[in-house]
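Summary of the model geometry
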Amino acid sequence: MNKFRLLAIALVFGTTSLFASTIITPDVSKDEIRKQIVELVENSSNTIESQVLVNVTFTFSTEGEIVVLKVNSRDKKVLSFIRENLNNKVLENPGKPNKHYTMNINIK
């Protein structure tokens, strides 16, 4: 009987600690994330001669930094432009950490 009580108490403490450590992040719309990323790209000094449409896959770290995972371009100038202007930048309202986002960015 004592072992059963001890097991029950351990189970209660174990489950409450699981729920207590859950971090709740507010849901941010994709439009809000897009608006913030467009501001980052527009505020940069542009070194690309022609207009380019780039498909970028990224996620957010737990600190809210953008982590660029994939850029759908082989142009080295475009790749460096995206890395300089988006990678490791912190947004005011980031999305959920470790969730993959895909966005088309038109660089002029």
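Rules and cut-offs
- Residues numbered from 1 in each chain as written.
- Predicted model: local features only at pLDDT ≥ 70, side-chain atom pairs only at ≥ 80, totals over all residues.
- Heavy atoms only, no water.
- Helix = DSSP H or I, 4+ residues; strand = E, 2+ residues; numbered from the N terminus.
- Buried < 20%, exposed > 50% of the residue type's maximum accessible area, 1.4 Å probe, protein only.
- Contact = heavy atoms within 4.5 Å.
- Pairing = 2+ DSSP bridges.
- Core = buried A, V, L, I, M, F, W, Y, C linked by side-chain atoms within 4.5 Å.

Right, let's get into the environment of Leu40. Tracing the backbone shows Leu40 in helix α2 (residues 30-42). Assessed through its relative accessible area of 24%, Leu40 is described here as partly exposed. Separated by 49 residues in sequence, Leu40 and Lys89 have C-alpha atoms that sit 8.6 Å apart. Excluding anything up to four places from it in sequence, Leu40 contacts Ile66, Asn85, Leu86, Lys89 and Leu91.

Among the nine residues of strand β1 (residues 52-60), seven are classified as buried, and the element is accordingly described as predominantly covered. Relative to strand β3 (residues 101-107), β1 runs antiparallel, the two sharing seven bridges. Its bridge partner being in β3, Asn55 is matched across the sheet by Asn104. Looking at chain direction, β1 and strand β2 (residues 66-71) are connected through five bridges and run antiparallel. Bridged to Val56 within β2 is Val71.

Quick look at the nonpolar core now. Core analysis: the largest hydrophobic core is formed by 22 residues, its most contacted members being Ile33, Ile37, Phe58, Ile82, Ile105 and Ile107. Among the secondary structure elements, those contributing two or more residues to this core are α2, β1, β2, α3 (76-85) and β3. Per-element tally for this core: the top contributor is β1, with five residues.

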